[in-house]
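Structural features, examined
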Amino acid sequence: MSTAFSLAPLFRSSVGFDRFNDLFETALRNEPGSSYPPYNVEKHGDDEYRIVVAAAGFREEDLDLQVEKGVLTISGGKREASNDSVTYLHQGIAQRAFKLSFRLADHIEIKAAGLSNGLLSIDLLRVVPEEAKAKRIPINGAQQQPALEN
């Protein structure tokens, strides 16, 4: 029995948003390889989103963000061993390497990224160009034929 659930019934009335829906389907999928590090995908408005990754123990220089062909990839490298001779009695803060990928919908751009209090926040903004925005089309009830000139 699978614990994952499908959002397909919610998207039956939408057309052309397949890639956007896949972003949430992937975020909700319970795959063994995607459990580290934990992350949230948040919606802050009609066109504003945020991905928050728990990156405890990582510094800014340990993290890398890349966007290629509509896929945002977040990777964290393993920190170099410090010169201190520390013996851990318990090491609960994982510092292993990771790689997360998110498929972005059309017209989604990265606005900002920041690391604060062990959380990597990536702000996304949907910027739809004018030619792709909805246009109101007038309906002419009785179309008149242009008069022919003699």
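Heads up: the structure comes first, above all this text.
These figures come from a predicted structure and were not determined experimentally.

1. Examining the nonpolar core
Among the nonpolar cores identified, the biggest contains 19 residues, and Ile 51 and Ile 74 are the most heavily contacted of them. Mapped by element, the contributors of at least two residues to this core are β2 (48-54), β4 (71-76), β5 (98-103) and β7 (119-126). Those residues within four positions of Ile 51 in sequence are excluded, and the remaining contacts are Asn 40, Leu 72, Ile 74, Phe 102, Leu 120, Ser 121, Ile 122 and Leu 124.

2. Some details on the pattern of salt bridges
Taken as a whole and judged by the stated rule, the model has three salt bridges. The salt bridge involving Arg 59 is made with Glu 61; its shortest N-O contact spans 3.3 Å. The partly exposed category is assigned to Arg 59, whose relative accessible area is 35%. A residue is classified by how much of its surface remains accessible, and Glu 61, at 61% relative accessible area, is exposed. Ionic pairing is found between Arg 59 and Asp 62, a salt bridge with its closest N-O pair at 3.4 Å.

Quick notes on the rules
Residues numbered from 1 in each chain as written. Predicted model: local features only at pLDDT ≥ 70, side-chain atom pairs only at ≥ 80, totals over all residues. Heavy atoms only, no water. Core = buried A, V, L, I, M, F, W, Y, C linked by side-chain atoms within 4.5 Å. Buried < 20%, exposed > 50% of the residue type's maximum accessible area, 1.4 Å probe, protein only. Helix = DSSP H or I, 4+ residues; strand = E, 2+ residues; numbered from the N terminus. Contact = heavy atoms within 4.5 Å. Salt bridge = Lys/Arg side-chain N within 4 Å of Asp/Glu carboxyl O.

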